[in-house]
Amino acid sequence: MNKVVEKELLSENVVKLVVEAQAIARKQCPGQFVIVRTDEKGERIPLTIADADRERGTITLIIQRVGTSSCKITGLNPGDALADVSGPLGRPTHVEKLGTVLACGGGVGIAPLYPIARAFKQAGNRLIAVLGARNRELLILEKEMAAFADETIIMTDDGSYGRKGVITVGIEDVLKREPVHLAVAIGPAVMMKFTALLTKRYEVPTIASLNTIMVDGTGMCGACRVSVGGKTKFVCVDGPEFDAHQIDYDEMIQRLNTYKAEEKLSFDGYLKSLS
Amino acid sequence: MPVDPQDLHADRGQEWRNELRASLSAKERSALPRVRMPELDARERSAGFREVNTGLSEEMAVREAKRCLDCAAPTCISGCPVNINIPGFIKLIEKGDFLAAARKLKETNALPAVCGRVCPQEVQCEANCVYQKMKKPPVAIGYLERFASDCERLAGDVVVPAIENRSPVRVAAVGSGPASLTFAGQMAKWGYRVTVFEALHELAGVLSYGIPEFRLPKSIVRSEIAYLEALGVTFERNVIVGKTITIEDMREQGYQGFFIGSGAGLPKFMHVPGENAIGIYSSNEYLTRVNLMKAYQFPSYDTPIVRGKRVAVIGGGNTAMDSVRTAVRLGAEKAMIVYRRSEQEMPARIEEVHHAKEEGVEFLTLTNPIEYIADNEGRVQQMKVQKMGLGAADDSGRRRPVVIAGSDYLIDVDTVVVGVGTDPNPLIPRSIRGLEVSKWGTIVVDEATMQTAVPDIFAGGDIVRGGATVILAMGDGKKAAAAMRDYLLKKPAGG
Ligand SMILES: Cc1cc2nc3c(=O)[nH]c(=O)nc-3n(C[C@H](O)[C@H](O)[C@H](O)COP(=O)(O)OP(=O)(O)OC[C@H]3O[C@@H](n4cnc5c(N)ncnc54)[C@H](O)[C@@H]3O)c2cc1C
Ligand SMILES: Cc1cc2nc3c(=O)[nH]c(=O)nc-3n(C[C@H](O)[C@H](O)[C@H](O)COP(=O)(O)OP(=O)(O)OC[C@H]3O[C@@H](n4cnc5c(N)ncnc54)[C@H](O)[C@@H]3O)c2cc1C
Ligand code: SF4
Ligand code: SF4
Ligand code: FES
């Protein structure tokens, strides 16, 4: 059992939880994730470690409500406990000094991007953050990112904040303007797909962090498999980061839809159980 | 663990055994028919996950026990990888002392209720029973083993041995499958402080996430774990050794010996076109969703699974049989085994193949998938297979399948389960410096002691053998415990 010690609403649908997990806090590196199960009947779902406090023995999770499991977990309050938290899983981000790094985050993808961007900054890179959200309410972690980024560009689909337009518009402006040595893209699969197409044109090496469906998170099931450069890879052990220019996004997007019908059934039942 | 013939002899020479043996002639004994395991009707059981074999009644068990001739040189024992004193426990059943029979089993086998159910007896103990020479069906050793241990559990009369010399020495087991459980039980009995670290949220490895409820009820597995807890073993769930904690960290915390029983959990795919389509599972994922995550109770449990109507399972081993029988229980109208060799070569237990057939599973042998075809949403719709012929025997003595040119055709499917085997998970071997690893990814050990190239690390079960059996994993755990004790006793204090 892992106790929730803090909770904060970051936007209408995004919740930050600080959770006790001593051993994981000690070991985690940017880019890694945990597998969480809220209760005895719960699914095992992957969530990125957005931050960690070794002294307190806690990790920070930032969760967007999209269905049953994410709603269950964001419904917890300080004092409640998660049934299981295991990790840290996945390979840590390979951080080095390269020059200029462009950190591109879409929606809740900004959460996993945050510790990675910070690590690149700490490694001595110039760091430009491009953050995208559908509207102002849904934008998260802007202040936290701006605190260390050399420049922060905000894009909203409806123009309610920052510049109006999709995230790739903001990214392209930077690519046109100055040399970029690495781009890191994390967000919805479509966003990563179009970011990768764009940076490919500018020949900027790019990594994407994938959010496939998982079960164990230790390489045991193959639920998380994706095609990278024509080869099948397991996101949980070979990733979650891959060369963004090699990923078969269409296959990945299809696989994310595997349980559309079941998810709806489950979520309707969940909503009913609340009322 | 070779048995001591003198012990066997003394056991057999007890007064009551002599009398019991004399009470019925060998001729009368061997004239009795072998008991049949009562089972649920195929139609009834296919609708749910209840255990198929319902177990012998007392009367049946005693009658079957009478068939055992209590041989002076029992050949059956050599067929059992842990050398259970087979006539010893069977004669206690004949005598009617079922609890004593269970205790006799536990002297050598920590998990008799499990082995009685899942051991491939037909190629182990029972294959070596003297009845084979008489061209008669062997004594049903497995059924009797299950019977005795079930009696003990149901009576709630499980005796936990008192532990005399508690040692301050701490040892760790990585993984909680049958290899580690056996190791842990043995070390705990010797007084060591044992901690078992398991990556998943549930204990017991394949016994929990792989073998389905209808063959091995999870309540049995849980009571075996409770027994180990009563012995003083500590279990730590959700700990991935190599990630959450390293062997190095544990050494610093004072652990002095390590047993790696991390299994062979990495699923193999066939790398044929279209294999990443929606609806294509590894058998590990399929069974894990159902057994560990209880997807068969979705939406009451949150984990979903595709409930296919036309399911093809690729492979011919236990994993494939468990998967296809699971598919039947999830409502498949057509459930198929697709196997590239013939039925004779299937590694699955005969009982499982038989049960699968009773449940309506179709067997497409000498058939191999070469491509999957998906609809425009990416869901698998058809599989292209080709027919195989049998060529010359390969290294394993099985005839090698050869492609029959131009024989391919399409089969409509909406779910495919790939159950063609597993490899050792590289996580552990990768995270420990100095371990010797074979080209198959298994950990190399000294076969006599199960010691690895790193002196304080021992290993056993599937991580050493590749996919093998429960009882072999248990045998390794036991052997490693004995060798680790020697190692710890010889080690200079404080070193
Ligand atoms: C390595 C990794 C790290 C992740 N980190 C975070 C994080 O920090 N914060 C966060 O909010 N989410 C994260 N996710 C995604 C998160 O796991 C899913 O949002 C969650 O599993 C959805 O479960 P649900 O029951 O709430 O929704 P469901 O009802 O199961 O699904 C709703 C919709 O979400 C999508 N979805 C389903 N499962 C996943 C999945 N595993 N990943 C992505 N989308 C999914 C599907 O398109 C689905 O239609 C991460 C995923 C991975 C693989
Ligand atoms: C579906 C199926 C059916 C089978 N049917 C039979 C049968 O009928 N009869 C039979 O005799 N055999 C059967 N087998 C084979 C048998 O189950 C295995 O040989 C046996 O379980 C191996 O035991 P083990 O202790 O080596 O490992 P496993 O049972 O594989 O357990 C290993 C455990 O280690 C954990 N682990 C792995 N890495 C780590 C880590 N880094 N840190 C912490 N924990 C870790 C895993 O999560 C797992 O729980 C079957 C196997 C399968 C998959
Ligand atoms: S443990 Fe297995 S092989 Fe040994 S006697 Fe029991 S059923 Fe037979
Ligand atoms: S060989 Fe068969 S008959 Fe003889 S002791 Fe063993 S089980 Fe009994
Ligand atoms: S989640 Fe099971 S292999 Fe990656």
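Along each chain, residue indices are assigned from 1 in the same order as the chain's sequence is written. Throughout, the order in which chains and ligands are written sets their labels, letters from A for the former and numbers from 1 for the latter. Local features in this predicted model are restricted to residues of pLDDT 70 or higher, and side-chain atom pairs are both shown and tallied only at a pLDDT of 80 or more, whereas totals for entire chains, interfaces and linings draw on every residue. Side-chain descriptors were evaluated using all non-hydrogen atoms of the structure, hydrogens and water having been removed beforehand.

Asks: Help me out: how do you make sense of helix 1 (residues 5–12) of chain B in this one?
Replies: Each full turn of the α-helix corresponds to 3.6 residues, which orients residues three or four apart in the same direction. All names here are of chain B. For every residue, the accessible area (1.4 Å probe, protein chains only) is compared with the maximum for its type, and the residue is labelled buried under 20%, exposed over 50%, or partly exposed between those bounds. The secondary structure listing takes helices from DSSP runs of H or I that are at least 4 residues long and strands from runs of E that are at least 2 residues long, numbered from the N terminus. Within the span of helix 1, buried status applies to Leu8, Asp11 and Arg12. Projected down its long axis, helix 1 carries its buried residues within an arc of 95 degrees, all on one side. Counted as exposed and oriented over 90 degrees from the buried face of helix 1: Gln6, His9 and Ala10. Contact criterion: two residues are considered in contact whenever any of their non-hydrogen atoms come within 4.5 Å of each other. Buried residues along helix 1 sit against helix 2 (15–22), helix 6 (76–79), helix 7 (86–95) and helix 8 (98–108). What the arc measures is the spread of directions leading from the helix axis to the C-beta atoms.

Asks: Got a minute to help me understand the site of ligand 4 in this structure?
Replies: What makes a residue near a molecule or strand is one non-hydrogen atom of that residue sitting within 4 Å of it. For ligand 4, the full set of nearby residues is Cys68(B), Leu69(B), Cys71(B), Pro74(B), Thr75(B), Cys76(B), Pro87(B), Cys129(B), Val130(B), Tyr131(B), Val139(B) and Ile141(B). Residues were grouped as follows: Ala, Val, Leu, Ile, Met, Phe, Trp, Tyr, Cys and Pro as nonpolar; Asp, Glu, Lys and Arg as charged; and all remaining residues, including Gly, as polar. Of the residues in the shell around ligand 4, the class split is eleven nonpolar, one polar and no charged.

Asks: Quick question: what am I supposed to make of the environment of Arg63(B) here?
Replies: All names here are of chain B. As for its position among the elements, Arg63 is in helix 5 (residues 58–67). Counting along the chain gives 29 residues from Arg63 to Arg34, while the straight-line C-alpha distance between them is 8.9 Å. Each polar contact in these results corresponds to two N or O atoms within 3.5 Å; when the atoms are within protein, one needs to be able to donate a hydrogen and the other to accept it, and residues that are neighboring in sequence are counted only if both atoms are side-chain atoms. Among the polar contacts listed, one links the side chain of Arg63 to the side chain of Glu59, at a separation of 3.0 Å.

Asks: How do you make sense of the environment of Thr234(B) when you look at a structure like this?
Replies: Residue and element names in this part refer to chain B. By secondary structure assignment, the location of Thr234 is in strand 3 (residues 234–236). Given the relative accessible area of 37%, Thr234 is considered partly exposed. Distance from Thr234 to Asp322, taken between C-alpha atoms, is 31 Å for residues 88 residues apart in sequence. Dropping the residues within four chain positions of it, Thr234 is found in contact with Val194, Thr195 and Val196.

Asks: I would appreciate a short explanation of the sheet that holds strand 4 (residues 45–48) of chain A in the present structure.
Replies: Whether parallel or antiparallel, the strands of a sheet pair through hydrogen bonds between backbone atoms. Residues and elements named next belong to chain A. With antiparallel pairing, three strands are arranged side by side in an open sheet as 4-3-8. The open sheet has two free edges, formed respectively by strand 4 and strand 8 (84–89), since each of these has just one partner strand. Taking the axes of each pair of neighbouring strands and ignoring which way they run, one obtains an average angle of 30 degrees across the sheet. At least two DSSP bridges between two strands are required for those strands to pair. Simply put, an axis is a line fit to the C-alpha atoms, just over the touching stretch for a helix, and the angle between two N-to-C directions goes from 0 to 180 degrees.

Asks: I'm lost on the pattern of salt bridges in this one. Help?
Replies: Between side chains of opposite charge, a pair can form when the charged atoms approach closely. Residue and element names in this part refer to chain B. A pairing counts as a salt bridge when a side-chain nitrogen of Lys or Arg comes within 4 Å of a carboxyl oxygen of Asp or Glu. Counting across every chain of the model gives 54 salt bridges over all chains. One salt bridge in this structure joins Arg117 and Glu51, with 2.7 Å as the shortest N-O distance. Pair noted here: Arg117 is in helix 9 (residues 112–118) and Glu51 is in the loop between helix 4 (42–46) and helix 5, with a separation of 66 residues, a long-range link. Arg117 gets classed as buried once you look at its relative accessible area, which sits at 7%.

Asks: Mind showing me how you'd approach the domain arrangement of chain B here?
Replies: How big an interface is tends to be stated in terms of accessible area lost as the parts join. Residues and elements named next belong to chain B. Domain boundaries shown here were taken from an automatic or database domain assignment. As assigned here, chain B comprises domain 1 (5–155), domain 2 (170–264 + 424–490) and domain 3 (267–422). A C-alpha centroid distance of 30 Å is found between domain 2 and domain 3. The interface is formed by 13 residues belonging to domain 2 together with 13 residues belonging to domain 3. Buried area is a sum: the accessible area each of two parts loses on coming together, probed at 1.4 Å, counted once for each and added. With both chains or domains summed, domain 2 and domain 3 bury close to 1,200 Å², and 55% of this area falls on carbon and sulfur atoms. If you sort the residues of domain 2 by the area they bury against domain 3, Tyr209, Phe214 and Arg215 come out on top, with a joint share of 48%. Summed over the shared surface of domain 2 and domain 3, the number is two salt bridges. With a shortest N-O distance of 3.3 Å, Arg215 and Glu352 are connected by a salt bridge.

Asks: Where do I start with the nonpolar core in this structure?
Replies: As a rule of thumb, soluble globular proteins bury nonpolar side chains together. Residue and element names in this part refer to chain B. In this description, a nonpolar core means a group of buried Ala, Val, Leu, Ile, Met, Phe, Trp, Tyr and Cys residues linked to one another through side-chain atoms lying within 4.5 Å. If you look at the biggest cluster of nonpolar residues, it comprises 99 residues, and the most contacted ones within it are Ile86, Ile93, Phe183 and Ile260. In terms of residue count, the dominant contributor to this core is helix 20 (residues 470–490) (nine residues). Residue assignment places this core across two domains, with domain 1 (5–155) and domain 2 (170–264 + 424–490) each supplying three or more. Once residues lying within four places of it in the same chain are set aside, the contact partners of Ile93 are Ala61, Val62, Ala65, Phe98, Ala101, Leu144, Phe147 and Ala148.

Asks: In this structure, what is going on with the sheet that holds strand 3 of chain B? I would like to understand it.
Replies: Residues and elements named next belong to chain B. With respect to topology, five strands assemble into an open sheet ordered 3-2-1-4-16, the strand pairing being parallel. With one partner strand each, in any of the chains shown, strand 3 and strand 16 (457–459) form the two edges of the open sheet. On average, adjacent strands in this sheet sit at an angle of 20 degrees to one another, irrespective of strand direction. In terms of strand pairing, strand 4 (residues 255–260) meets strand 16 through three bridges, oriented parallel. Paired with Ile260 across the strands is Ala459, a residue of strand 16. Running over the sheet, helix 11 (residues 178–189) touches strand 1 (170–174), strand 2 (193–197), strand 3 and strand 4 and is turned about 165 degrees from strand 1. Where helix 20 meets the sheet, its contacts fall on strand 1, strand 4 and strand 16, and the angle it forms with strand 4 comes to roughly 160 degrees.

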